[in-house]
Amino acid sequence: MSEFEPRIVAFLCHWCTYTGADLAGTTRQQYPPNIRVIHLMCSGAVDSIYVLKALIDGADGVLIGGCHPGDCHYQTGNYKARRRVAILKGILTQMGFTEDRILLKWISASEGKLFADTVTKMTDDLRKMGPNPMKQLWNA
Amino acid sequence: MGKQTVLKVSEGKTEEAIRDFLKSLLKGGVIEALLVPKRLPSGDGFAQTLIHDPEKMDGACALSLTMPVQSARVASHLSVKNLNKRIAAVLKPCEIRAVVELTKFLQVKLDHLLLIGVDCPGTFEVADYSKMIQEGKEGGKLEGEILKGMERGEAVSPEGYGFRPACQMCEYPTPTADIHIKLFGYKTEEEVGLEIGEKLEKEMEEKGLVSYAGDGPSSRREVVGKVVAAREKKRDEAYQEFRGVVKDLQSFLDRFSTCIRCHNCMVACPICYCKECVFRTAIFEHEGDQFLRWADRKGGIRMPTDTLIFHLIRMAHMVTSCIGCGLCDSACPSRLPVATLFRSVGDKIQKMFGYVPGRDVNEVPPVATFKEDELKIESGAL
Amino acid sequence: MELKKMKGDKSSALVVGAGIAGMQSALLLAEMGRRVFLLEQGPAIGGYFPLLDKTFPTNSCGVCFMSPTPPAFCPIYECHLHDNIELLPYSEVKKVQGTEGDFRVSIVRKPRCVDPQRCTLCEACIKVCPVEVEREFGGGLEKRKAIYLPFPQAIPHSLVIDPKTCTRCGECVKVCAPGAIDLDMKEEEEEIGAGAILLGFGFEPFWAQKKGEYGFGRHENVLTSIQFERLISTSSPTQGFPVRISDGKKMERIAFIQCVGSRDPSCGQDHCSTICCMYATKQAMIAKERAPQLNVTFFYMDIRPMGKDYERYYERAKAEYGIEYIRSAISSVKELQQTKNLLITYVKEDGTFEEREFDSVILSLGFTPPQGIQDLAKGMGLRLNRQGFCETDEFSPGHTSVKGIFVGGAFRGPRDIPETVVEGSSAAASAASFLHPNSGSLPKREYPAEGALADEIPKIGVFVCHCGGELKETLSIAELVEKTKQLGEVCHVEEMGLACLPEDLNQIKMKIGEHGINRIVMAGCSHREIRKTMEEMARGIGFNPYLIEYANIREQCAFVHRDHPELATEKAMALIRMAVERAKWIQPIRKGSHKVEKQGLVIGGGAAGMTASLRLAEQGYEVYLIEKGKELGGNLRDSFYTLKGSDPQSFLKDLIQKVKNQSSIHPYFETEITGFEKTNGQYKTKIRHPGGEESLDHGALILATGGKEVTPREYLYGEDSRVITQRQLEKMIHLKDEGLKEIRSAVMIQCVGSRDEEHPYCSRICCGHAVKNALKLKEQDPAVQVYILYRDVRTYGFYETYYHEARGKGVIFIRFDPEKKPKVTLENGAIRVSVFDPAMGSEVSLSADRLVLSAGIEPHDNRDLARLFGVDLNPDGFFMEANPKSAPLDSVDRGKFFCGLCHSPNTIEDSISQGNAAAARTGALLSGGEVEEKPYLAYVIKRLCCGCGLCVAVCPYGARVLNEEEVKAEVQEALCQGCGNCVVACRNAASQQRNFEKGLNLNVLNAAID
């Protein structure tokens, strides 16, 4: 049996990161098939419930992709996303959980390679971290 | 800073002197009604009461030693819609701080609501207080002893009983209010401090209800400092202990595994203002096959589900505004240290944004705003 | 050659050149309901900006904000999507016949040799193509084949064959599975009918080889700025990390040489290219962000960051990024043999020589006019200026010398993106005014009525497309089809070959009828590729287009997991499962529309405000023009001649007359604004004027409140009457004031109230103003001594030639540092100015009969207006735009625009352009008389809402309001853009978003994890 294969759930904004992920395809950037992309209109529309649900229900990592600061198509959604993720990470850290299974990343529509590299690196990192203990809890 | 004066106490009847002062607000037409804790007829507890008739002030007790409900919630019900006449609420510092937070979330409207804050020595669990009385402690006497302790800045409680843990670690024993009744540092059998805020400063004087004089005892500052320092020490010990116990996911779950998902913490919490919690909406109602899928994934799941996420999301929603009243603790049938958890986590998160909940109604809650240049949490170049 | 039937008519517009200006013109005219042909000579539209990864002054991209209907994708894609725009890529204009208002334009469609409809971009052909050449995109840093994709986001999204290098070996034809390649494709001629032609020819970078002394083409590590731009783009082969060309080692010390092909008559380029200081500074900053250890040195003559917020940017480059700027002239660039490093010898301001070694040198190329358009220009009768750019009248900047032909952007001369966006808009406004108002607006397409699908039980049809076989190389399509059949509520699954082609689309239509399908899942390429086609198909049969879901198993699966066919198939299955899950819960969306008042409100009766009012009126809208003073004209009343020699007063007279003649402009004088209300995109403004109070309904607002000359507070101004401002001098000259005779020596001091602590921005116009007045003084009496004490001479664009002229006529320019400002004293009643001259290395003392202060521009106090109208001000007090790059005149809130001096310091010409542009943006908004809602609107479940106001706080568009009575939040549907931020702000899901409901998203998440 090969090594552990992590499962990544990604929430990508419609305008920048989802398009960047498409560009990774157009330009045939190869990355591991461990990621499942959920398309939302804005990174500012990613609810903490989604992120935690994903981690408790079976994901090993969660990627949130949005437009770079200043480029949000809804002006400021990415800044709000950043606060939300910071709060969530803060809570998890304080409660003795690990927060590094959540990755917030700004990836523009022209950064196909960056998207591929991000997924590759995240997959590698999660492989090293091993399975997410949260998802294995029957009593969570 | 408001204007200072004192309430003279005759024959050492502090409670009565304060009651008379509060009565004068009703009689003098400053307010239409007063929300104030009233000693229960049985004598073994207090209940917040909305009093309209000044003659029904008997038993009204500004210094109530239990907190059966967080009165910020009551203030919310009273003021959020169609309150057209001025009322006042006698509140503890943590209740006022909750009111400040709720005001930011438009759940309290201060247009017709005056806040009367009372220095707080701490409160007992409702059941403990009742037990003390039933065991023969005399209500008025107990309060007298506690007031004496307040003069010196010492926490006095009967043998075998302590203030609620949240109170012991509360670093806000004094409130900011429209009328502030000051007890710490005062010889309360002789006089009680009064500070009248800007809103009422003139009116109270014009109506002859107060005349301003004196700054009160010079020792007050020191006394309050002493109380705060002792509580901060307690607080830091509690954080340390908690953080020592809850080191990782497993230890957290072990500590909180007896949660029965009753949602009492949420119901008691003044900041959880939702009419219906998202965890009680259809979003978290699932059908049988869904539960089976989950059970299938993990081999088995605890029922009912969504316990951990409930606590985490409740925290994500309100931890920046947690004012540490600890009613969640009191409400928990499993005696889980919910308040210590929220305070310990809240401490870090609030500092992240330089935010102090309950400080100022004009401070914008971190969840309602952002800065362009902050929180470099986005991972850098690969 | 075959001649096709003429497309278009008098009511349509032809835009030639699909760069930023052209795309902007096209998008705006299309939004105004015009039919637009957008022609581009290259194989893909976009111009230069696909090259730009980050733009100044925000160091973000921001180009997507360009569309008149934000939020939007990149304008390239928006042009492609717009129903009213027909793209004519890879085409050239051959001949323009007919006359104004009724042009017939012959165009040639060059053969792509690849059918964009059939090309799936599988790139099999690229692998076999034996011809490798330098890729044009990015200045030849990379290679491409003879069959290639111009750049990754190219529209049309298909390969093209370069006829110049193709050897016709035919290998590509053999491997092309969909049969998209035809090497014998012939060029075709077409005829376009158009009432107006808009030119957006753009610019070309200066040919670096012409400045042989800098070694470009000989020394490997000498790059052009075009190449460096590519190198530091995150999509470059190094992902933006700056490395040396010769050996791939990381760059450590680089130099930028400014003005290569600018301000240099010796190579035929006597103009300033305006933006090189800024773009090079940006490149330096980005490079330093990518490689923080990098040392960057600039060699420059004057630094010219004159746009809005540019000065701050330049200061940041120095202070925060540690970029070094050396005022100097380059003496030589030598390559060192061993290291291939470059040794730059330069002369400093004080005349001393120095040498510095760098590992790479970047040449900041200037702009030349587009090459190869001279014949066409001649054919059209277009007048070009001496430098070869399009000549326009100073006061009608969008008009060429030929009636009916309009121009915007860099074809008028070098300019940055915001100006280009403004001018693209301005040209659109001029064209819209020229085309008969409201004639020939395209009728809305009619579609059959939709069935009532909302309450039906989902019957999901899944179509799995293998994209001409390519997806089969990675995915097991058969397995996907089989497994999909097992999913709940799926009633039909079918494999498709090329779902985007009519054959397959017809098949889908048939199956919808056959199986009663009421939800479609299209598994195949990205929704971005096929959505338009699918939605059009759906509308055609009365199927609600929002009931189609897309499973992206191509771009986000097959293409990127080629080495893992099994896992890729597993993932594809998950993507289909997720799309099916979504399909179960989505509801049909029928977009409502909201009436907008067809009136515009313009505040400010200066040049910008009057121009905007006129353009709006000419488009057929009623305009309320509010002026606080007693008469129209604003600052224009104090301007008597321009540097270029035009007469502002006669222009003003004419403009006022036109405004008065326009019956649909309703001017209000001595009027103040007392109130403003908005409901769902409808505005009501209350005004008070001597005649009483009024309430005006309008659909758009243009703020043109102007600005004023800073009143100097130094250099004895106000204490000695001989100390005056440039404006006062201009008036003296105009009135032939007696005092002029006294002037034997005039000293001018620049940057008074600019680039200082109180006004930390460049006022842009003062250098030109000083040169203008200096030339006038010299013209009246060549013996007059004129000294201009400056910090940087910022005579950008063609103004540079006047600076040159002034120097030639003996005007003496002395530079000073802000730390060593000139000292002004009275000596025996005479004014003396002493200043340290860095070129001499000593103090010089000048006597001044008049001391002329070049006072900067500042806005009026707009704080009250800003609060009232709910718009923002920047720290300098100018109105703040939604995006400084691509939406320079728009407020974040829909329907509010800025123009003129209240936006930023501007010339008259710029203000007119901005007035035009604001009118174009307004016209695009008001044209239909209604605004269509966005599809994915937020809504409120009132039972759950507790009125906490968090949704109101986070909504960037003011689309959330609190109903105070009910204590419940509400959505103003006309303003909601569908971002979903309010949904997340709401703790208990009382706020929801159509088809992105929290529960729906959680269900999809569940399907993702399964």
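Calculation criteria
Residues numbered from 1 in each chain as written. Chains lettered and ligands numbered in written order. Predicted model: local features only at pLDDT ≥ 70, side-chain atom pairs only at ≥ 80, totals over all residues. Heavy atoms only, no water. Contact = heavy atoms within 4.5 Å. Buried area = accessible area lost by both parts, 1.4 Å probe. Salt bridge = Lys/Arg side-chain N within 4 Å of Asp/Glu carboxyl O. Helix = DSSP H or I, 4+ residues; strand = E, 2+ residues; numbered from the N terminus. Buried < 20%, exposed > 50% of the residue type's maximum accessible area, 1.4 Å probe, protein only. Pairing = 2+ DSSP bridges. Axes fitted to C-alpha atoms, helices over the stretch in contact; angles between N-to-C directions. Domains from an automatic or database assignment. Polar contact = N/O pair within 3.5 Å; in protein donor to acceptor, adjacent residues only side chain to side chain. Expected span 1.5 Å × (residues − 1).

Visitor: Before we move on, could you go through the interface of chain A and chain C and cite the residues and values that matter?
Guide: Across the contact, 57 residues belong to chain A and 63 residues belong to chain C. Buried surface at the junction of chain A and chain C, summed over both partners, amounts to about 5000 Å²; 57% is from carbon and sulfur atoms. Across the chain A-chain C interface, the total number found is 4 salt bridges. Between Arg28(A) and Glu470(C) there is a salt bridge whose closest N-O contact spans 3.2 Å.

Visitor: Help me get a handle on the side chain of Glu190(C), residues and values and all.
Guide: Within the fold, Glu190(C) resides in strand S10 (residues 188–194). Among the residues examined, Glu190(C) registers a relative accessible area of 4% and is labelled buried.

Visitor: Describe the sheet that holds strand S25 (residues 548–552) of chain C, listing the residues and the values that go with them.
Guide: Residues and elements named next belong to chain C. Sheet architecture is open: 4 strands sit in the order S23-S22-S24-S25, paired in parallel fashion. Among the strands making up the open sheet, the edge pair consists of strand S23 (490–496) and S25. Going across the sheet, the axis of each strand differs from the next one's by a mean of 15°, ignoring polarity. In terms of strand pairing, strand S22 (residues 460–465) meets strand S24 (residues 519–524) through 5 bridges, oriented parallel. If you follow Ile460 over to S24, its bridge partner there is Arg519. Packing against the sheet, helix H12 (residues 527–540) makes contact with S24 and S25, and its axis sits at approximately 155° to S25.

Visitor: An account of the domain arrangement of chain B is requested, with residue identities and associated values reported.
Guide: How big an interface is tends to be stated in terms of the accessible area lost upon association of its parts. Residue and element names in this part refer to chain B. Under the domain assignment, chain B is made up of domain 1 (3–230) and domain 2 (246–368). Each of domain 1 and domain 2 has a C-alpha centre, and the two are 30 Å apart. Across the boundary between the two partners, domain 1 contributes 23 residues, which contact 27 residues of domain 2. Buried area between domain 1 and domain 2, summed over both chains or domains, comes out near 2100 Å², and the portion from carbon and sulfur atoms is 57%. Contact with domain 2 buries area across many residues of domain 1, yet Arg73, Lys104 and Phe105 alone supply 27% of it, more than any other trio. The interface formed by domain 1 and domain 2 contains 2 salt bridges. Inspection of the region where domain 1 meets domain 2 yields 16 residue pairs in polar contact (both at pLDDT 80 or more). Put simply, the parts of the chain that give the side of domain 1 that touches domain 2 at least two residues each are helix H2 (71–79) and helix H3 (93–104). When residues of the side of domain 1 that touches domain 2 are assigned to their parent elements, the largest contribution, 8 residues, is made by H3.

Visitor: Account for the interface of chain B and chain A, with residues named and values stated.
Guide: At the interface, 47 residues of chain B touch 36 residues of chain A. Contact between chain B and chain A buries roughly 3900 Å² in total, counting both sides, with carbon and sulfur atoms accounting for 69%. Taken together, chain B and chain A are joined by 2 salt bridges. Where Asp306(B) meets Lys53(A), a salt bridge forms, and the shortest distance between an N and an O atom there is 3.1 Å.

Visitor: Describe helix H3 (residues 77–94) of chain A, with residues and values.
Guide: With 18 residues, H3(A) ought to run about 26 Å at 1.5 Å a step, and its terminal C-alpha atoms sit 26 Å apart, in line with that. Counted residue by residue, H3(A) has 17 buried out of 18 residues, so it is predominantly covered.

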